[in-house]
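Below are the chains, spelled out letter by letter.
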Amino acid sequence: MLRFIIISFAALLSAACSNLNFSSNIDKKNFDEYFKPSQVTVYEKSQLQDLDYKFIAAVDGSSCQQEENDRPADIKEARTNARIKAAEMKANGIVFQSCLTFERDASCVSNIICYGRAFDVILSDGE
């Protein structure tokens, strides 16, 4: 009798799992967006002297603390946002010129904006 109950339960359990649908929040768009900043290398101005490159555009990125209880504005976030903008312009390099901290205003408790120049750096196969 116990054997019959175990076999019946196993059959019922396997039948219940046959209609299982798997869904994930991982899709190509999310994956590409997450890794977009890593497509853009940060260079120092002096490093470009030895490279073949083409200027694409000036870019900026900001970090704004909107409410008192939000995270403070962060220079890393501002630089990352500038790299994302550069990647969207098909740039693979960026040189940051400056990052400025702005005083409290109507929209931000604290605010940092980083300015840079986006480049298409021609890399050899070995790099």
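To be clear, the structure that these remarks concern was listed above.
Scope of this entry: the structure provided in the associated data block. (Residues numbered from 1 in each chain as written. Predicted model: local features only at pLDDT ≥ 70, side-chain atom pairs only at ≥ 80, totals over all residues. Heavy atoms only, no water.)

**A look at the sheet that holds strand S2 (residues 52–65)**
- One open sheet holds the 4 strands; their spatial order is S1-S3-S4-S2, and the pairing between them is mixed. A single partner strand is all that each edge strand has here, and the edge strands are strand S1 (41–42) and S2.
- The strands that helix H3 (residues 75–88) touches are S1, S2, strand S3 (93–102) and strand S4 (110–122); relative to S2, the one it contacts most, it runs at about 140°. (Pairing = 2+ DSSP bridges. Helix = DSSP H or I, 4+ residues; strand = E, 2+ residues; numbered from the N terminus. Contact = heavy atoms within 4.5 Å. Axes fitted to C-alpha atoms, helices over the stretch in contact; angles between N-to-C directions.)

**What to know about the state of the cysteines**
- This model, assessed by the stated rule, comprises 2 disulfides.
- Here Cys64 is linked by a disulfide to Cys108, with a sulfur-sulfur distance of 1.9 Å. Across the S-S bond of Cys64 and Cys108 the torsion is about -115°, and the bridge reads as left-handed. One end of the pair, Cys64, is in strand S2; the other, Cys108, is in the loop between S3 and S4, with 44 residues separating them in the sequence. (Disulfide = S-S within 2.5 Å.)

**Thoughts on the pairing of S4**
- Both S2 and S4 contribute to a ladder of 13 bridges, which runs antiparallel. The residue bridging Val59 from the neighbouring strand is Gly116, located in S4.
- Bridge count for S3 against S4 is 9 bridges, and the pairing is antiparallel. Each residue of the ladder has a partner; that of Ile94, found in S4, is Ala118.

**Looking at the environment of Val121**
- Secondary-structure assignment places Val121 in strand S4.
- Val121 sits in the buried class, given a relative accessible area of 2%.
- Separated by 30 residues in the primary sequence, Val121 and Ala91 place their C-alpha atoms 7.7 Å from one another.
- Leave out the neighbours within four places in its chain, and Val121 touches Tyr43, Leu48, Leu51, Asp52, Tyr53, Asn92 and Gly93. (Buried < 20%, exposed > 50% of the residue type's maximum accessible area, 1.4 Å probe, protein only.)

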